[in-house]
There are 4 protein chains.
Amino acid sequence: MTSPTRPSKEDVLTAFRRSALLESARRVFGECGFERATMERIAHEAGVAKGTIYLYYSSKQRMYDEALNEGLAELDGMTRVRVEQAPTLRDAIAAFISARTDYFLERREFFRMYVAAVAGHITERHGRPSEFRSLITKQTRRLEARIARGMDAGEIRDVDPAATARAIFDLTRGLVARKLFLGRGAAETAHPDEAEFLTTLIWDGLGPDRRPGTPRTAAATRKKTMTKRQR
Amino acid sequence: MTSPTRPSKEDVLTAFRRSALLESARRVFGECGFERATMERIAHEAGVAKGTIYLYYSSKQRMYDEALNEGLAELDGMTRVRVEQAPTLRDAIAAFISARTDYFLERREFFRMYVAAVAGHITERHGRPSEFRSLITKQTRRLEARIARGMDAGEIRDVDPAATARAIFDLTRGLVARKLFLGRGAAETAHPDEAEFLTTLIWDGLGPDRRPGTPRTAAATRKKTMTKRQR
Amino acid sequence: MTSPTRPSKEDVLTAFRRSALLESARRVFGECGFERATMERIAHEAGVAKGTIYLYYSSKQRMYDEALNEGLAELDGMTRVRVEQAPTLRDAIAAFISARTDYFLERREFFRMYVAAVAGHITERHGRPSEFRSLITKQTRRLEARIARGMDAGEIRDVDPAATARAIFDLTRGLVARKLFLGRGAAETAHPDEAEFLTTLIWDGLGPDRRPGTPRTAAATRKKTMTKRQR
Amino acid sequence: MTSPTRPSKEDVLTAFRRSALLESARRVFGECGFERATMERIAHEAGVAKGTIYLYYSSKQRMYDEALNEGLAELDGMTRVRVEQAPTLRDAIAAFISARTDYFLERREFFRMYVAAVAGHITERHGRPSEFRSLITKQTRRLEARIARGMDAGEIRDVDPAATARAIFDLTRGLVARKLFLGRGAAETAHPDEAEFLTTLIWDGLGPDRRPGTPRTAAATRKKTMTKRQR
DNA sequence: CATGAATGAGTTTTCATTCAT
DNA sequence: AATGAATGAAAACTCATTCAT
């Protein structure tokens, strides 16, 4: 029942160190960005000496990449679970939003890393294109699939599932950014149930076609367009 | 009718220099980010010597701030004009999206600057809090006002205008990012009329209330929920 | 009468700086070797700040290479001139020895650089094979050619000119090393006219064949081998 | 007759370890030079852990010194034996050359160490002057003595035995350097019997005085200078 | 005895900023 | 005003050496 080679004490210790260093790295990279972060500080915050880092990571860049990728993978995993457990498509959308919001709200520094990393990749032409990019695009794959299923099941009207998933992704991203932006108390901070608002907004946006000219308020609908909608 | 002191030749030259330097700064900061950008290169691309920059900007940071703020102001101005010219709220939303998309697509380096700057401000506690932040929040003010007006006029149902404007803002931001992300031809690039898709999505999302449980497809509507909707 | 583009003041200044830096580099590299030499110290000895070096040399290695190559070229040039001016082959050999001895004695630090560089190239397989190596082999080319000419002219017996040049080269190298080794006063320091001794040794070694068994002293010669030599 | 305390098992093991470490050190120091050699690699090549080295050698420098001195002593021993076994002075010279050539050709890395070490001592004023220097000068002592004996026996003309021994030493050194320099196949590589050439060159150089003006080729001798030589 | 993780001093290199011309 | 040579602070990274296990 035990695994054939039980992790030795060293392995455990090594894993622990790596994890602690990554934690520290995420904090410092998040706070300062890649360039302004210093290995000295990362080491200090992890409670080790500068040189020690290099026993675990061969360079600052490697450490950064690993911290980023690990966070993205974790985020992706949590999102996936929550989305898959949702019974309806509406719940899935709400789950997507709240899963990511929750994750980032507990790791504000990581959100910053993440945003900066995406920013860094926008116009850059440097080497490794696929690695990071695929991690990004993977983030919406699950949701996209779920939307497609819901569309087939008649839960929503015919839309481009990928574009829809991206829209939800972007709204979530903006929501999180704003919650972290300037901290709480700022006038522009989203009110607590902005997530619910977004879900409703999207959900209604995905409803049956409304032709141009269709009145937009319930009141107007009641008075003027009942017949049209009934067709 | 003329201004009391007509701009002297020197003033014109100075303005020209500052503008050329800012242009160059935007390009380099956009391409490299703040840290990796060098004054040397900014100077070179502007066709002046390194020391000359310091006659116009007291530090790299100041130059960066000014380049950023100027761009944001310009973007804001263009957006405002286009939004104000739109006859209906739907047109205003479409105008907001296209104005910003067009602007950024012609200045990808600036978009990168902008994104990085926002990222940099998310968790940071460093000094100047208001300046940049107010520029950001200003971006949605006009649209927010327009939405509020449209709401009052019954063009859309009752929503939080600020939250709605932010949603549109975020969707636009995501759209632009994706268009610049990995350049054209990438599988995940938005298809050409994603802007139209977003406008429709939002517009429909802003339509009359649909209660939970309401069927979402036109077909379903026809069959099952006609009575409910008519109430 | 003036050259078409007279060297500008900057060019002169630049050349001067480069030369002063190279001088300093030669001193420090010579004293400490490549690894132990610090840019800090080279800069300090040249009377400039650390960063200034990098305005003239892109890296420590480049600086080292240039210092070495320049010295070798200069040494080669001086040797060539002296050798070519020598009327007889014997004089050429003596000139070769004394030219190099004189050169190195005035630049002991450079000799050390030179020796270390050769040592470093002995077993190494790293990149640039030809550059340095060709400079080394070039050192004996002139002498080799002169020896060949002297041989054709009957000044010496038939020998391998290249091997002979190399032998003279090695003897000179050893002579210099010893003169610099542990400074003056050491018991093993060569006596002043060791150069003359070497010249004679070589010169006699290059004389007409002496068959094995031939008596070696003048006395013996006089008594026993006169007839043989006359054959 | 036996030593008072027979070497214990530990002593043997210790000796073995020290020897293995020295072997490894010689290889790595030879390949990389003192500075670029790492204790890590030396340990690895010796099959022990880094810390273990410090149980046998108190520092990198000490290890280097010992590796060097041991090698020099061994070289010296082998040379001495071969020289002493030579029946004639000519044989002794040939033996000196071949003994050292053979030794170094089997230990190229050590030759590099040796050359670098000598280079390092040329101008340096750092502490330990005598230790290394005496080892170097000892290298020629035996040969010098043998030459002196041969001179007394009339085998060669009157020369400075020390200077002569040094000349042979330098020629040998150059020969070896060239054989290792750039590996085989290079145009400038000495041809196989350069050792024999050197022996002859020296041997002839040590023959009876030839006065200035004396013709140098057998042919010339025959025609022009017979009378002079007979005087 | 042996180990190898941890340390931190020391080195190269970059680049914003200054200032003499 | 404009220049660009000079500066030196700052940061990544290496590696001999130590020491707890």
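Everything here concerns the structure above.
Summary of the structure given here. (Residues numbered from 1 in each chain as written. Chains lettered and ligands numbered in written order. Predicted model: local features only at pLDDT ≥ 70, side-chain atom pairs only at ≥ 80, totals over all residues. Heavy atoms only, no water.)

**Regarding the protein's contact with DNA strand F**
Moving on, step 1. By nearness alone, 30 residues border DNA strand F, and Lys 50 of chain A, Thr 52 of chain B together with Arg 17, Thr 52 and Tyr 56 of chain C come closest of all.
Moving on, step 2. A share of 68% is what sugar and phosphate atoms reach among the atoms of DNA strand F within 4 Å of the protein.
Moving on, step 3. One of the backbone nitrogen or oxygen atoms of Gly 51 of chain C is found 3.4 Å away from a base nitrogen of DNA strand F.
Moving on, step 4. Listing elements by their share of the surface near DNA strand F, those giving two or more residues are helix H3 (50–56) of chain A, helix H3 (50–56) of chain B, helix H3 (50–53) of chain C together with helix H3 (50–56) of chain D.
Moving on, step 5. A per-element tally of the surface near DNA strand F places H3 of chain B first, with five residues.
Moving on, step 6. Looking at the surface near DNA strand F residue by residue, the classes come out as 14 nonpolar, eight polar and eight charged. (Near = heavy atom within 4 Å. Polar contact = N/O pair within 3.5 Å; in protein donor to acceptor, adjacent residues only side chain to side chain. Helix = DSSP H or I, 4+ residues; strand = E, 2+ residues; numbered from the N terminus. Nonpolar A, V, L, I, M, F, W, Y, C, P; charged D, E, K, R; others polar.)

**Some details on the side chain of Asn 69 of chain B**
Moving on, step 1. Among the secondary structure elements, Asn 69 of chain B is positioned in helix H4 (residues 60–85).
Moving on, step 2. Those residues within four positions of Asn 69 of chain B in sequence are excluded, and the remaining contacts are Glu 131, Phe 132 and Leu 135 of chain B. (Contact = heavy atoms within 4.5 Å.)

**Quick notes on the protein's contact with DNA strand E**
Moving on, step 1. Residues in contact with DNA strand E amount to 32 residues; listed here are only the nearest, Arg 17, Thr 52 and Tyr 56 of chain A, Tyr 54 of chain C together with Thr 52 of chain D.
Moving on, step 2. Considering DNA strand E, the proportion of its atoms within 4 Å of the protein that are sugar or phosphate atoms stands at 70%.
Moving on, step 3. At 3.0 Å from a base oxygen of DNA strand E is found a side-chain nitrogen or oxygen belonging to Lys 50 of chain A.
Moving on, step 4. Gly 51 of chain A is positioned with one of its backbone polar atoms (N or O) 3.4 Å from a base nitrogen of DNA strand E.
Moving on, step 5. Residue assignment for the surface near DNA strand E shows that the elements contributing at least two residues are H3 of chain A, H3 of chain B together with helix H1 (9–36) and H3 of chain D.

**Points about helix H9 (residues 194–205) of chain B**
Moving on, step 1. Taking 1.5 Å per residue, twelve residues should reach 16 Å; H9 of chain B reaches 16 Å between its end C-alpha atoms and fits that length.
Moving on, step 2. Within H9 of chain B, the full set of buried residues consists of Glu 194, Phe 197, Leu 198, Thr 199, Thr 200, Leu 201, Ile 202, Trp 203, Asp 204 and Gly 205 of chain B.
Moving on, step 3. Residues of H9 of chain B that are buried in the fold lie against helix H8 (161–180) and helix H9 (194–205) of chain A together with helix H5 (89–105) and helix H8 (161–180) of chain B. (Expected span 1.5 Å × (residues − 1). Buried < 20%, exposed > 50% of the residue type's maximum accessible area, 1.4 Å probe, protein only.)

**A look at the pattern of salt bridges**
Moving on, step 1. Taken as a whole and assessed by the stated rule, the structure comprises 72 salt bridges over all chains.
Moving on, step 2. Between Arg 166 of chain D and Glu 194 of chain C there is a salt bridge, with the nearest N and O atoms lying 2.9 Å from each other. Separated into two different chains, Arg 166 of chain D in helix H8 (residues 161–180) and Glu 194 of chain C in helix H9 (residues 194–205) make up a pair that spans both. Each member of the pair, Arg 166 of chain D as well as Glu 194 of chain C, is classed as buried.
Moving on, step 3. For Arg 41 of chain D, the salt bridge is made with Glu 45 of chain D, and the minimal N-O distance between the two is 3.0 Å. Linking Arg 41 of chain D with Glu 45 of chain D, this pair stays in helix H2 (residues 39–46), spanning four residues, or about one helical turn.
Moving on, step 4. Judged by its relative accessible area of 28%, Arg 41 of chain D falls in the partly exposed class. (Salt bridge = Lys/Arg side-chain N within 4 Å of Asp/Glu carboxyl O.)

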